[in-house]
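Fold and geometry: a report
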Amino acid sequence: MTGFLRPLGSTGLTVTAVCAGGSGIGGMPAVFGYDVPVRQAVDVVLRLLDSPIRWIDTSNGYSDGASETRIGQAIAEYGGLPDDFLVATKVDARDGDYSGARVRASVAESKERLGLDDLPLVYLHDPEFHDFDTMRDAVDTLMQLRADGEIGHVGLAGGDTRELSRYLDLGGFEVLLVHNRWSLVDHSAQGIFDRARADGIAVVNAAVYGGGILANPAGATKYAYRDAPAALPDAVAEMDKACQEYGIDLATAALRHSVDNPAITATVAGISKPTRVDQLIQSLAADLPTELLSRLNDLRPDAQHWIEQHPS
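Residues numbered from 1 in each chain as written. Predicted model: local features only at pLDDT ≥ 70, side-chain atom pairs only at ≥ 80, totals over all residues. Heavy atoms only, no water.

Let's shift gears to the overall build of the protein chain. Secondary structure summary: the protein chain contains 12 helices and 12 strands in total. Whereas a compact globule of 312 residues would reach a radius of gyration of roughly 20 Å, the protein chain reaches 18 Å, a difference of no more than 12%. With the C-alpha coordinates aligned to their principal axes, the bounding extent of the protein chain is approximately 55 × 45 × 35 Å. Out of the 312 residues belonging to the protein chain, those deemed buried represent 56%. Of the contacts formed within the protein chain by residues at least 6 apart in sequence, a portion of 73% connects residues at least 24 apart. Carbon and sulfur atoms make up 49% of the accessible area of the protein chain, which amounts to about 12,800 Å² in all. Taking the 26 positively charged and 44 negatively charged side chains of the protein chain as two groups, their mean positions are separated by 1 Å. (Helix = DSSP H or I, 4+ residues; strand = E, 2+ residues; numbered from the N terminus. Rg over C-alpha atoms; globule rule 2.2 N^0.38 Å. Buried < 20%, exposed > 50% of the residue type's maximum accessible area, 1.4 Å probe, protein only. Contact = heavy atoms within 4.5 Å. Areas by Shrake-Rupley, 256 points an atom, 1.4 Å probe, with all protein chains shown as cover. Lys, Arg positive; Asp, Glu negative; His and termini not counted. Charge placed at Lys NZ, Arg CZ, Asp CG, Glu CD.)

The structure is reproduced here in structure tokens:
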């Protein structure tokens, strides 16, 4: 897997081109439509720790901390975190509180659940759901935690690219994570990705399966966890048909569409079963014909307007 290890922008960290997404392993049936038992979640992380994938993405707020707790349990069972494995997490509001004090509490909670004193990368998570003018204390506190050595590096994570751009204007962010905005069916994050790259900010692309429709296209009607526009399931079905003609599954094409983009440092892929880790490795080794990639590009619907009018 040439180019699988990559520098994470200017942070000095080295990461793999694929990052395991930890939202589902916390058990979020209301979002994903299925639950994940504790033992299964822990086994997923144990498999990851022995795999070529060397980092996992989680958050304080995923399943009210269950994702972090299960990752922490796996790390303890493994005998500690390997030196080359990175856990990235995010600070979250609680009960509408996104104050500086809440940011400090969120970091402390994450360290306790994960069983880690060192958090190399912490994102400000989903700030678009809060009033921009009241969020400066949260931003300043996260930056101060970095300055004080309480965390390593600071990222920005969310979905609404218009709001995320306002936060980038404040400066200080080293990594940008955007979800459900750059996939086989939508390139609406292209502008903010270009801006981040120009500013020396690492780009992390999450939810490349659109919440599931590009991983399990049969009968799927949602994109980014909401009802998709009418044309999108039809386009996905045509993409799936094209992939089948080349003996490639759509999920592999969706993953590689992001991983193979030189402008994207890393791609977050959600994992809820240990076998999925092996499937990801196989997808990275698959040979994607140029003709197939061209066909998929031609089939991409114009979803950008819909996404911008329905920010998550």
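A few words now on the layout of surface pockets. There is about 240 Å³ of room inside the second largest pocket. Along the lines of polarity and charge, the residues of the lining of the second largest pocket split into 8 nonpolar, 2 polar and 4 charged. (1 Å grid on protein atoms, 1.4 Å probe; cavity = no way out; pocket = protein on both sides within 12 Å on 5 of 7 lines; lining within 4 Å. Points joined across faces, edges and corners; volume = space filled by probe spheres on them. Nonpolar A, V, L, I, M, F, W, Y, C, P; charged D, E, K, R; others polar.)

On to the pattern of salt bridges. Applying the stated criterion to the full structure yields 20 salt bridges. Note that D84 is salt-bridged to R54, the shortest N-O span being 2.9 Å. Separated by 30 residues along the polypeptide, D84 in the loop between α3 (66-78) and β5 (86-91) and R54 in the loop between α2 (38-49) and β4 (55-57) bring together distant segments of the chain. D84 gets classed as partly exposed once you look at its relative accessible area, which sits at 49%. A relative accessible area of 12% means that R54 is categorised as buried. Put simply, R94 and D64 hold a salt bridge, and the shortest N to O gap is 3.1 Å. One end of the pair, R94, is in the loop between β5 and α4 (100-114); the other, D64, is in the loop between β4 and α3, and 30 residues separate them in sequence. Judged by relative accessible area, D64 falls into the exposed class, the value being 55%. Several salt bridges share partner residues, and in doing so they unite D64, E68, R94, R102, E109 and R113 into one network. (Salt bridge = Lys/Arg side-chain N within 4 Å of Asp/Glu carboxyl O.)

So, about the pairing of strand β7 (residues 153-158). In terms of burial, β7 is a largely internal element, 6 of the 6 residues being buried. Side chains H153, G155 and A157 of β7 all project onto a buried face; the interleaved residues V154, L156 and G158 project onto the opposite face, where all are buried too. When strand β6 (residues 121-125) meets β7, the two strands line up parallel, connected through 5 bridges. Residue pairing across strands places L121 opposite H153, the latter belonging to β7. Once the chain exits β6 it traverses helix α5 (residues 136-147) before rejoining the sheet at β7, and the crossover so formed is right-handed. As paired strands, β7 and strand β8 (residues 175-179) are joined by 4 bridges and run parallel to one another. By the bridge assignment, L156 is partnered in β8 with L176. (Pairing = 2+ DSSP bridges. Right-handed = clockwise from strand over helix to strand, strands pointing away.)

Here the focus is the nonpolar core. One finds L124 and L176 to be the most contacted residues of the largest nonpolar core, which totals 84 residues. Here this core gets 7 residues from one element, more than from any other, and that element is α2. Not counting chain neighbours up to four residues away, the residues in contact with L176 comprise L156, L164, L168, I192, F193, A196, I201, A202, V203 and V204. Grouped together as the second largest cluster of nonpolar side chains are 16 residues, V15, W55, L86 and A202 included. (Core = buried A, V, L, I, M, F, W, Y, C linked by side-chain atoms within 4.5 Å.)

Locating H153 in the fold gives a position in strand β7. When its relative accessible area of 16% is taken as the criterion, H153 is described as buried. At 2.8 Å, the side chain of H153 and the side chain of E174 are in polar contact. When near neighbours in sequence (up to four residues on either side) are disregarded, H153 contacts T11, L13, P120, L121, V122, R146 and E174. (Polar contact = N/O pair within 3.5 Å; in protein donor to acceptor, adjacent residues only side chain to side chain.)

Where helix α10 (residues 274-285) is concerned, the buried positions are R276, V277, L280, I281, S283 and L284. The arc enclosing the buried residues of α10, seen along the axis, measures out at 160°, which places them on a common side. For α10, the exposed residues set more than 90 degrees away from the buried face come down to Q282 and A285. Considering only its buried residues, α10 is in contact with β3 (18-21), α2, α9 (250-259) and β12 (266-270). (Arc of directions from axis to C-beta.)

This part covers the sheet that holds β7. What the 8 strands build is a closed barrel, ordered β3-β4-β5-β6-β7-β8-β9-β12; its pairing is parallel. Neighbour to neighbour, the strand axes of the sheet diverge by 25° on average, direction disregarded. Contacting β5, β6 and β7, α5 runs over the sheet at an angle of about 175° to β6. (Axes fitted to C-alpha atoms, helices over the stretch in contact; angles between N-to-C directions.)

As a further point, take the environment of A224. Following the sequence through the fold, A224 ends up in the loop between β10 (222-223) and β11 (226-227). The spacing of A224 and G210 is 14 residues in sequence and 5.0 Å in space, taken between C-alpha atoms. Sequence-distant contacts of A224, defined by excluding residues within four places in its chain, comprise N180 and G210.

No statement about biological role is implied by the geometric values presented.
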